[in-house]
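Summary of structural features
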Amino acid sequence: MGCWRGPSTVLACLLLLRPLPSPACPAACRCSSGEVDCSAHALREVPQSLATNTSALWLGYNFITVLGPRSFPPLPELLVLSLPHNRLGLIHSQALVGLGALQELDLSNNYLTVLTPETFLPLTSLAMLNLRSNRLEELEPGVLRSLPQLQALLLQDNPWVCSCGILPLWRWLSHNSEKVQEKSSLLCKFPEQLNNYPIMAFGNESFRQCQETSLSAWHYITFLTIGPFSFIASIFFCTFMGTITVVYHNLRREPHFWRRCRICRGH
């Protein structure tokens, strides 16, 4: 065969037959068959030198406090992302871009207080979300609606404030109770008189005093259109009424004027 014609040819053949180098593994991590374990290495941010074929990423027990815009490199094959027991207090709305295949997300035991619907919009395949043991007091209505494939949700051990602000979450839970894990452990923290009261035990009558006023775009357009016209119409009306009043007073004064003139002529 042609590979044995000379030393240089043999070297070239050996280079071609050598297996391709495996993707680099971050220094603080252990990598095996697409799984990357970076747990308990005092990391303060997500490693960037991750292989694009990473399927599972374990980042628990670190010191990550913020997930900023595009905190992760593009990971089109990532299925599991685990971030428990960090100090995570903020997730930017663009932090999870590029993780569209993600199916499981563990954010438990962190310091999260607010979540926005935009944060989870890229996660169209997410089936499991763990938010237990954070500092969530309520959840915006769109957060859970932005996850169409969600099948399992954990929300226990958060300081839920059971006031009108909890109504959107209660409605979602009532219609999706089969997706909520350990429903009986989902308890109110505030107000004090409802401490440890199960959220799922509320009924429609519990929120009777909570009036939600949701205006459509058409209503806003109507108000914006009517407002200026009403203002202009009020100016014309005031001007017209002012003119009428002046004319009326002038007409009332005219008889006295003619009477005085007649008296003057008599003298």
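Quick caveat: nothing in here was measured; it's all calculated off a predicted structure.

Strand order in the open sheet formed by 7 strands is S1-S2-S3-S5-S7-S8-S9, with mixed pairing between adjacent strands. With partners counted over all chains shown, the strands left at the sheet margins are strand S1 (30–32) and strand S9 (152–154), one partner each. With strand direction ignored, the average angle separating the axes of adjacent strands in the sheet is 5°. Across 3 bridges, the pairing between strand S7 (residues 104–106) and strand S8 (residues 128–130) is parallel. The residue bridging Asp-106 from the neighbouring strand is Asn-130, located in S8.

As a further point, take the nonpolar core. Residues Phe-72, Leu-81, Leu-105 and Leu-129 are the most contacted members of the largest nonpolar core, which totals 53 residues. Looking at this core, the elements that each hand over two or more residues are helix H3 (141–145) and helix H4 (167–175). For this core, the element with the highest residue contribution is H4, accounting for 5 residues. Residues contacting Leu-129, with those up to four places away along its chain left out, are Leu-105, Leu-107, Phe-120, Leu-147, Leu-150, Ala-152, Leu-153 and Leu-154.

One pass over the structure, following the stated rule, counts 4 disulfides. The disulfide partner of Cys-29 is Cys-38, and the S-S distance across this bridge is 1.9 Å. The chirality of the disulfide connecting Cys-29 with Cys-38 is right-handed, given an S-S dihedral of about 105°. Of the residues examined, Cys-29 reaches a relative accessible area of 10% and is grouped as buried. Sulfur-sulfur distance for the disulfide between Cys-164 and Cys-210 comes to 2.0 Å. Between Cys-164 and Cys-210, the S-S dihedral sits near -85°, and the bridge is therefore left-handed. Residue Cys-164 is located in the loop between strand S10 (160–161) and H4, and its partner Cys-210 is located in the loop between strand S11 (188–190) and helix H5 (217–266); the two are separated by 46 residues in the primary sequence. With relative accessibility at 15%, the residue Cys-210 sits in the buried group.

What counts as what
- Residues numbered from 1 in each chain as written.
- Predicted model: local features only at pLDDT ≥ 70, side-chain atom pairs only at ≥ 80, totals over all residues.
- Heavy atoms only, no water.
- Pairing = 2+ DSSP bridges.
- Helix = DSSP H or I, 4+ residues; strand = E, 2+ residues; numbered from the N terminus.
- Axes fitted to C-alpha atoms, helices over the stretch in contact; angles between N-to-C directions.
- Core = buried A, V, L, I, M, F, W, Y, C linked by side-chain atoms within 4.5 Å.
- Buried < 20%, exposed > 50% of the residue type's maximum accessible area, 1.4 Å probe, protein only.
- Contact = heavy atoms within 4.5 Å.
- Disulfide = S-S within 2.5 Å.

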